[in-house]
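In case you want the letters, here they are:
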Amino acid sequence: MKQSTKRRSSPTTEREFGGTLGASCIPVLLPLLVLFLLSVSRSPGASLLQWPPQLPPTSALWDPLAPLLLLGWFTLHAFLYLLPLGKVSEGLVLKNGTRLKYPINGFHALVISVGLLLLLLWLGVPLGSLFDLLLPLAVCATGLSFLLSFYLYISSFWAPPHALAPGGNTGNPLYDFFIGRELNPRIGNFDLKYFCELRPGLIGWVVVNLGMLMKEVELRDGASLAMLLVNGFQLLYVADALWNEEAVLTTMDIVHDGFGFMLAFGDLAWVPFAYSLQASFLVVHPVELGAAAATTIVLLNGIGYYIFRKSNSQKNVFRRDPKHPSVSSLETIATATGKRLLVSGWWGLVRHPNYLGDLLMALAWSLPCGFSHLLPYFYVGYFTVLLVHREARDERQCRAKYGQAWDAYCQRVPYRIFPYLY
Ligand SMILES: NC(=O)C1=CN([C@@H]2O[C@H](COP(=O)(O)OP(=O)(O)OC[C@H]3O[C@@H](n4cnc5c(N)ncnc54)[C@H](OP(=O)(O)O)[C@@H]3O)[C@@H](O)[C@H]2O)C=CC1
Ligand SMILES: CC(C)=CCC[C@@H](C)[C@H]1CC=C2C3=C(CC[C@@]21C)[C@@]1(C)CC[C@H](O)C(C)(C)[C@@H]1CC3
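Overview of the structure. (Residues numbered from 1 in each chain as written. Chains lettered and ligands numbered in written order. Predicted model: local features only at pLDDT ≥ 70, side-chain atom pairs only at ≥ 80, totals over all residues. Heavy atoms only, no water.)

Here we come to the nonpolar core. Membership of the largest hydrophobic core comes to 108 residues, with the highest contact counts inside it found for Met212 and Phe273. With twelve residues, helix 5 (residues 130–155) is the largest single contributor of residues to this core. For Met212, the residues in contact, after removing those within four places along its chain, are Leu130, Phe131, Leu134, Met227, Ala279, Ser280 and Val283. In terms of nonpolar packing, the next biggest core, distinct from the first, is built from 14 residues, Leu330, Leu341, Ala405 and Tyr409 among them. (Core = buried A, V, L, I, M, F, W, Y, C linked by side-chain atoms within 4.5 Å. Buried < 20%, exposed > 50% of the residue type's maximum accessible area, 1.4 Å probe, protein only. Helix = DSSP H or I, 4+ residues; strand = E, 2+ residues; numbered from the N terminus. Contact = heavy atoms within 4.5 Å.)

Quick look at the structure:
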């Protein structure tokens, strides 16, 4: 407990997400927002602006099957995580000079999950029933995020000082619970943050989408082109994340952020239930997509994916091996830390080309839903706010890390996400 007392009065710890007020309101408001969005997506009007807002009756929030399904899903993924499949990779060097080991078998877990789902379909299990279970499942996933966050907060007091996250130790219990005190909480070798970020929620998103597709098949004797595009695009995104699983070890969430309510809820409830809104919207609001519109949307998703993948891979290769032939000819600037910054290639176009690609894909996921409603565009709006905020956080961290070299990079590459715009 000693180290927490020592850090309690640290006046330099900067607070994110609106400080204590944000940390008190967000855990109440975000779960309500998920339930609101889910019930709007299935209401005939699907209006986000209707007043008073469309709220689900309490009877729609509970089904005894939901906790059982969720428990089974988590157990399956914990088991797959522990299977000795794939390689083991090391994370970045920690404050105490050590590196943690991580299993790289997320893609195996996705393939096995999809195989099991196909088996269930073949056995005649009505996966479309997931549509009727979405609200109870979202309620249970939220409950699980709270339970996990309480466990993470309490267990963090037994963690050594070097294992604590830089931003999650202000001494304010509400804020620290929200942001997360410990950087890489583990039970033995089982890394809770890494597991939650990539497995049950992310693969769960694919399952929810497939459930919506099957519901559409039940209702209309076939899947629409719009539903197939949404399912295909988002499956590609999840498969890509798991295929490139090792790259997650260098993201801000793993390297810098503690594991608290924000990430636990984000991973386990927000991703599977808010990111699948387009598919649940299409179940009740079918859209007929013409060939020209579909081709344009596929092209937009392709361009977004290309920028996202190429830029992320370029930085990962450069960070792991700056002499690699694919990056050795790129122009760089030196920093006082010994690390260099790329100033040509994708990272010379804008300072966050990967965010640009991600945002183009977000738009391509909403367009199949047409222009009659605002709800399918919720993801684009939310994601723009998330990435603009994330960019500002990253910028602050990089300026603190690299000082003048970062300023020189900003001068050389003046736009953050959108060339000539922002
Ligand atoms: N779908 C979703 O909900 C979300 C998706 N994402 C996606 O996750 C991916 C990872 O994003 P995120 O972790 O935020 O950040 P980035 O992958 O963009 O990593 C930022 C880090 O990259 C390094 N860096 C920055 N500029 C340069 C440069 N010019 N040359 C070399 N290194 C540089 C710095 O770290 P250092 O120098 O220390 O290596 C910086 O802190 C993105 O594609 C994003 O779109 C993110 C959030 C949510
Ligand atoms: C509103 C709220 C609760 C926000 C929490 C934010 C989280 C939902 C996101 C923070 C960073 C994320 C990443 C992904 C999913 C969303 C969260 C958890 C990610 C796993 C998606 C797939 C990508 O390819 C990725 C692996 C780069 C990405 C990593 C960051």
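The next thing to look at is the site of ligand 1. In the neighbourhood of ligand 1, 26 residues make up the surrounding shell, with Tyr275, Tyr355, Asp358, Arg390 and Tyr402 lying closest. A distance of 2.6 Å separates an oxygen atom of ligand 1 from a polar side-chain atom of Arg319. The side chain of Lys401 places a nitrogen or oxygen atom 2.6 Å from an oxygen atom of ligand 1. A total of 920 Å² of accessible area belongs to ligand 1 in isolation, and the protein chains cover 88% of it. Every element with two or more residues in the shell around ligand 1 is listed here: helix 13 (291–320), strand 6 (340–342), helix 14 (353–366), helix 15 (378–402) and helix 16 (404–412). Among the elements that take part in the shell around ligand 1, helix 15 stands out by supplying eight residues, more than any other. Class assignment of the residues belonging to the shell around ligand 1 gives a composition of 15 nonpolar, four polar and seven charged. (Near = heavy atom within 4 Å. Polar contact = N/O pair within 3.5 Å; in protein donor to acceptor, adjacent residues only side chain to side chain. Areas by Shrake-Rupley, 256 points an atom, 1.4 Å probe, with all protein chains shown as cover. Nonpolar A, V, L, I, M, F, W, Y, C, P; charged D, E, K, R; others polar.)

Turning to the packing of helix 13 against helix 14, a few remarks are in order. Look at helix 13 against helix 14: their axes get within 7 Å of each other, and the N-to-C directions meet at 155°. As the angle between them shows, helix 13 and helix 14 are arranged roughly antiparallel. Relative to helix 14, the crossing made by helix 13 is left-handed. Listed contacts from helix 14 to Ile297, Leu300, Asn301, Ile303, Gly304, Tyr305, Ile307, Phe308, Ser311 and Asn312 of helix 13 are Pro353, Asn354, Leu356, Gly357, Asp358, Leu360, Met361, Leu363, Ala364 and Trp365. Considered class by class, the residues forming the contact of helix 13 with helix 14 number 13 nonpolar, six polar and one charged. (Axes fitted to C-alpha atoms, helices over the stretch in contact; angles between N-to-C directions. Parallel < 35°, antiparallel > 145°, perpendicular 65-115°, else oblique. Left-handed = near helix turned anticlockwise from the far one by under 90°.)

Any two packed helices are characterised by how steeply their axes cross, that is the angle between the axes, and by the distance between the axes. In the contact formed by helix 8 (residues 200–220) and helix 11 (residues 261–274), the axes pass within 8 Å of each other and the chain directions differ by 20°. Between helix 8 and helix 11, the angle is such that the two are roughly parallel. The two elements helix 8 and helix 11 cross, and the hand of that crossing is right-handed. When helix 8 is examined against helix 11, the residues Pro200, Gly201, Leu202, Gly204, Trp205 and Val208 are found in contact with a partner set consisting of Asp267, Leu268, Val271, Pro272 and Phe273. Here the contact of helix 8 with helix 11 is built from residues that sort into eight nonpolar, two polar and one charged.

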